[in-house]
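Commentary on secondary and tertiary structure
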Amino acid sequence: MSIKLYYFDGRGLAEPTRLILAYAGVEFEDIRAPLDLPVTIPPEIKAKCTWGQVPLVELEDGKKLAQSLAITRYFAKKHSLVPEDIYEAALCDEYVDSIREFLQAWYLVTHEKDPEKRQEKRAEVLKSTKQRFFDVFESIVAKSSEGKHLVGNALTWADIYLTHGLNNIELVHEINLLNDYPALKKLSENVLQQKGIQAWIQRRPVTKF
Ligand SMILES: N[C@@H](CCC(=O)N[C@@H](CS)C(=O)NCC(=O)O)C(=O)O
């Protein structure tokens, strides 16, 4: 049995896992529920979900794993994208938590229905996330030994997660932050050059989110 990844037809909380599996060259069934509003998990998938939500993974031996962060970290560990040094592994966790925090701030903008107010909120979030997150990430990467990694001198899941985060802001909000951040641009190009990831990006479904 191959790995089954259940989610909606979007990148969202499943894409970092998809990117890691693609990087590792692992075949998986990418099972996508329609992303129509109101967002509803089909009953046959819902019945499998331990905590009532997706993403959910069924492993080759039938075991299940839920909660996006647990799933992504599991595959990152399995495919050597978590450093062995426990401090460096914790730094990856810290960075991934921060990436999820800025993604949450950007996600809340999409809840604003009024186009003018949405534009205002977008500008506010851009300003605050630049100061709190992107400037900090830029300086961390710029100081790294090869100038293209968040932790140590090898690719980690934090690099993949950050690339996903920046790409997602571009997809949903049409804001390309990389023009302002040369080190993050280099990090992101390095991630996107990985063979399996490159192939995944070519073949992944085109989605709005
Ligand atoms: N803490 C969970 C949150 C999962 C979550 O919010 N899933 C949403 C999709 S992004 C969902 O299943 N929504 C449909 C529902 O709650 O019925 C995780 O990180 O996996």
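Just so you know, these numbers come straight off a predicted model, no measurement behind them. (Residues numbered from 1 in each chain as written. Predicted model: local features only at pLDDT ≥ 70, side-chain atom pairs only at ≥ 80, totals over all residues. Heavy atoms only, no water.)

Okay, the site of the ligand next. With respect to spatial proximity, the complete set of residues near the ligand consists of Tyr-7, Phe-8, Leu-13, Ile-41, Lys-46, Gln-53, Val-54, Pro-55, Gln-67, Ser-68 and Arg-100. Residue Gln-53 places a side-chain N or O atom 2.9 Å away from an oxygen atom belonging to the ligand. Here an oxygen atom of the ligand sits 2.6 Å away from a polar atom, N or O, in the side chain of Ser-68. Isolated, the ligand exposes 510 Å² of accessible area, and the fraction of that covered by the protein chains is 69%. (Near = heavy atom within 4 Å. Polar contact = N/O pair within 3.5 Å; in protein donor to acceptor, adjacent residues only side chain to side chain. Areas by Shrake-Rupley, 256 points an atom, 1.4 Å probe, with all protein chains shown as cover.)

A surface patch of nonpolar side chains, about 390 Å² in accessible area, is lined by Leu-35, Leu-37, Val-39 and Phe-209. Checked against the element boundaries, Leu-37 lands in the loop between β2 (28-33) and α2 (43-46). Since its relative accessible area comes to 77%, Leu-37 is described here as exposed. (Patch = residues over 30% accessible without salt bridge, like charges linked within 9 Å, V, L, I, M, F, W, Y side chains within 5 Å. Salt bridge = Lys/Arg side-chain N within 4 Å of Asp/Glu carboxyl O. Helix = DSSP H or I, 4+ residues; strand = E, 2+ residues; numbered from the N terminus. Buried < 20%, exposed > 50% of the residue type's maximum accessible area, 1.4 Å probe, protein only.)

Split into domains, the chain comes out as domain 1 (3-80 + 196-203) and domain 2 (86-193). Put simply, the middle of domain 1 and the middle of domain 2, counted by C-alpha atoms, are 21 Å apart. Between domain 1 and domain 2, the residue contacts involve 16 residues of the former and 15 residues of the latter. For the pair domain 1 and domain 2, the summed buried surface comes to about 1300 Å²; carbon and sulfur atoms form 67% of the total. (Domains from an automatic or database assignment. Contact = heavy atoms within 4.5 Å. Buried area = accessible area lost by both parts, 1.4 Å probe.)

A few words on helix α5 (residues 115-143). In a regular helix each residue adds 1.5 Å, so 29 residues correspond to 42 Å; α5 covers 39 Å between its end C-alpha atoms and thus fits that length. Most pronounced at Lys-130, the bend in α5 amounts to some 50°. Among the residues making up α5, those that are buried are Arg-122, Val-125, Thr-129, Phe-133, Phe-134, Phe-137, Glu-138 and Val-141. (Expected span 1.5 Å × (residues − 1). Bend = angle between axes of the 7 residues up to and from the residue.)

Attention now moves to the nonpolar core. Counting residues in hydrophobic clusters, the biggest one holds 62 residues, and the most contacted among them are Phe-102, Phe-134, Phe-137, Leu-150, Trp-157 and Leu-162. A total of 10 residues in this core trace back to one element, the largest contributor, which is helix α4 (residues 86-109). Two domains each put at least three residues into this core: domain 1 (3-80 + 196-203) and domain 2 (86-193). The residues contacting Leu-150, other than those within four sequence positions of it, are Tyr-95, Phe-137, Ile-140, Val-141, Ala-158, Asp-159, Leu-162 and Leu-187. (Core = buried A, V, L, I, M, F, W, Y, C linked by side-chain atoms within 4.5 Å.)

What the rule picks out here adds up to nine aromatic pairs. Ring geometry for Phe-102 against Phe-137: centres 6.4 Å apart, planes inclined by 75°, an arrangement best described as edge-to-face. With Phe-102 in helix α4 and Phe-137 in helix α5, this residue pair connects regions lying 35 residues apart in the sequence. The class for Phe-102 is buried, based on a relative accessible area of 0%. Ring centres of Phe-134 and Tyr-181 lie 6.3 Å apart, and the angle between their planes is 55°; on these two criteria the pair is classed as tilted. Of this pair, Phe-134 sits in helix α5 while Tyr-181 is found in the loop between α6 (157-173) and α7 (182-193), placing the two residues 47 residues apart along the sequence. Exposure class is identical for Phe-134 and Tyr-181. Each is buried. One aromatic cluster is present, built from ring pairs that chain together Tyr-95, Phe-102, Phe-133, Phe-134, Phe-137 and Tyr-181. (Phe/Tyr/Trp six-rings, centres within 6.5 Å; stacked < 30°, edge-to-face > 60°.)

Hydrogen bonds along the backbone pair up the strands of a sheet, which may run parallel or antiparallel. One open sheet accounts for four strands, arranged β2-β1-β3-β4; its pairing is mixed. In this open sheet, the two edge strands, each paired with only one partner strand, are β2 and β4 (64-66). Across the sheet, the mean angle separating the axes of adjacent strands is 20° when strand polarity is ignored. Of the strand pairs in this sheet, strand β1 (residues 3-8) and strand β3 (residues 56-58) are connected by three bridges, and their pairing is antiparallel. In the strand pairing of β3, Leu-5 is matched with Val-57. Sheet contacts for helix α3 (residues 68-78): β1, β3 and β4; angle to β4, the most-contacted strand, approximately 120°. (Pairing = 2+ DSSP bridges. Axes fitted to C-alpha atoms, helices over the stretch in contact; angles between N-to-C directions.)

Looking now at the UniProt feature "domain: GST C-terminal" (unreviewed entry) in the chain. The UniProt feature table records "domain: GST C-terminal" (unreviewed entry) at residues 85-209. The span residues 85-209 is 73% helical and 0% strand by assignment, and the distance between its end C-alpha atoms comes to 35 Å. (UniProt positions renumbered as here; feature names shortened; annotations may be inferred.)

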